[in-house]
Amino acid sequence: GQLESKTKGKLQKQICRVILDHFDKQYTAELGNAWSSVRDVLTSPLCWQHSILLNRFSPCTELENSLCVQGYHPAFQGGLPYLPAAFKCYIRRSPGRFPAQKHQAGKLKEYYLLNAASLLPVLALEVKDGENVLDLCAAPGGKSVAILQCACPGQFHCNEYDDLRARWLEETIESFIPQSLINSIMVSKLDGRHIGDLKPELYDKVLVDTPCSNDRSWLFSSDIHQATLRVIQRKELSCLQFQLLRSAIKALRPGGSLVYSTCTLSKAENSDVINLILNSCSNVMPVDISEMGRAVSQEFTFLDGLQQHELLVLPERGRAWGPMYVAKLKKI
Ligand code: SAM
């Protein structure tokens, strides 16, 4: 019943013509032929997929058995030597949604549903036990939870500017992370653009999962007014992204590294922002992440022709992950 009503909800959702026309124009120019298959996936919610990230703090063998029975298999197996055995994410090729887990007082949740491509920025960050980590734009907290599946940071600072979303972030952390570890997590509600000045050279790793044009959800904008506003305001996002990156660089200790990610295909918010940073900050250099790309190439389709420090996941049928842009930089 629940699945049926969800499916109906998606069918009833209308694709927004203003956004689709805008994307057709921009992405045909930027992606060429690749756009038509991406467009097919983004406009067909019935072929969307979800991955299931297991919570290592609430292990459940029954759940794993039932996932296998339903045709799910572990992703990210092999090829990523630094990934601990406790990191488990299940995917399957067929579409459909696994039920989300309800909050139960006093019990940690067993899994988090997410787009599998959202794990790539976390994996690229390669957090090690004891490192000081900043998640600059953290709500609702999917990537914060994923970071804690990979390692136990020394200090873990999760920041979210928006009040309501910061509350959501706190709830996510409370439902997935045991109290003993929560004590080493700091949640703040700052404008990420100021954190570099407030906490200079403090962190080994920074995740900059920036606000961006969310291609997947924008295509289902509720009305022309909202869509038109989004298209107009889109141009301002690159500037915010650049400022957040500059702040992240200030917050990094020399030798530390950052990962920048967005869930848009737009070059203006991806490679252009990273190139501007590389051209204007003499203390950062690109980090090659092509090996990680090769290691996960069975599960993801990437755009050809990007540089070695960046990846762009293109959704396709059966591997409907992304869009997700990931770039890695190191502070000298
Ligand atoms: N990392 C999150 C996750 O995996 O669940 C998703 C982050 S979402 C793409 C970007 C977030 O940045 C939004 O929650 C938004 O409210 C927040 N944001 C917007 N402007 C910001 C700013 N100036 N400083 C910090 N966060 C900001």
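Scroll up for the structure.
Here goes a summary of the coordinates provided. These numbers were taken from a predicted model, which means no experiment stands behind them.

## Thoughts on empty space enclosed by the protein
(1) Moving on: With the rule as written, the count across this model stands at 1 cavity of 30 Å³ or more.
(2) Moving on: Within this model, the largest cavity holds a volume of roughly 40 Å³.
(3) Moving on: Surrounding the largest cavity, Gln101, Lys102, His103, Gln104, Lys107, Leu108 and Lys109 form its lining.
(4) Moving on: Looking at side-chain class alone, the lining of the largest cavity contains 1 nonpolar, 3 polar and 3 charged residues.

## Structural notes on the packing of aromatic side chains
(1) Moving on: Summed over the entire model, instances satisfying the criterion amount to 11 aromatic pairs.
(2) Moving on: Between tyrosine 260 and tyrosine 325, the aromatic rings sit 6.3 Å apart at their centres with planes inclined by 75°, giving edge-to-face as the arrangement. Here tyrosine 260, found in strand S9 (residues 252-262), pairs with tyrosine 325, found in strand S12 (residues 324-331); they are 65 residues apart in sequence, far enough to count as distant.
(3) Moving on: A network of ring pairs unites the aromatic residues Phe76, Phe87, Phe300 and Phe302 as a single cluster.
(4) Moving on: Sitting over the ring of tryptophan 48, arginine 216 keeps its end group 4.6 Å from the ring centre.

Cut-off values and rules
- Residues take numbers from 1 onward in each chain, read along the sequence in its written order.
- Side-chain atom pairs in this predicted model are given and counted only at pLDDT of 80 or more, local residue features only at pLDDT of at least 70, and totals for whole chains, interfaces and linings cover all residues.
- Only hydrogens and water are set aside; all other atoms, that is, all heavy atoms of the structure, feed into the side-chain values.
- Using only the protein atoms, space was sampled on a 1 Å grid; points where a 1.4 Å probe fits but cannot get out form cavities, open sets with protein on both sides within 12 Å along at least five of seven lines form pockets, and lining residues are those with an atom within 4 Å of a point.
- Grid points are joined across faces, edges and corners, and a volume is the space filled by probe spheres set on the points.
- We call Asp, Glu, Lys and Arg charged. Ala, Val, Leu, Ile, Met, Phe, Trp, Tyr, Cys and Pro are nonpolar, and the rest, Gly among them, are polar.
- Each Phe, Tyr or Trp ring (for Trp, its six-membered ring) is paired with any other whose centre lies within 6.5 Å, and the angle between the two planes then decides the class: stacked below 30 degrees, edge-to-face above 60, tilted in between.
- Helix and strand labels come from DSSP, where a helix needs a run of H or I of at least four residues and a strand needs a run of E of at least two; each type is numbered from the N terminus.
- The rule for a charge over a ring is simple: NZ of Lys or CZ of Arg within 6 Å of the ring centre, and within 35 degrees of the ring normal.

Honestly, that's just the spatial picture; any functional story needs more than this.
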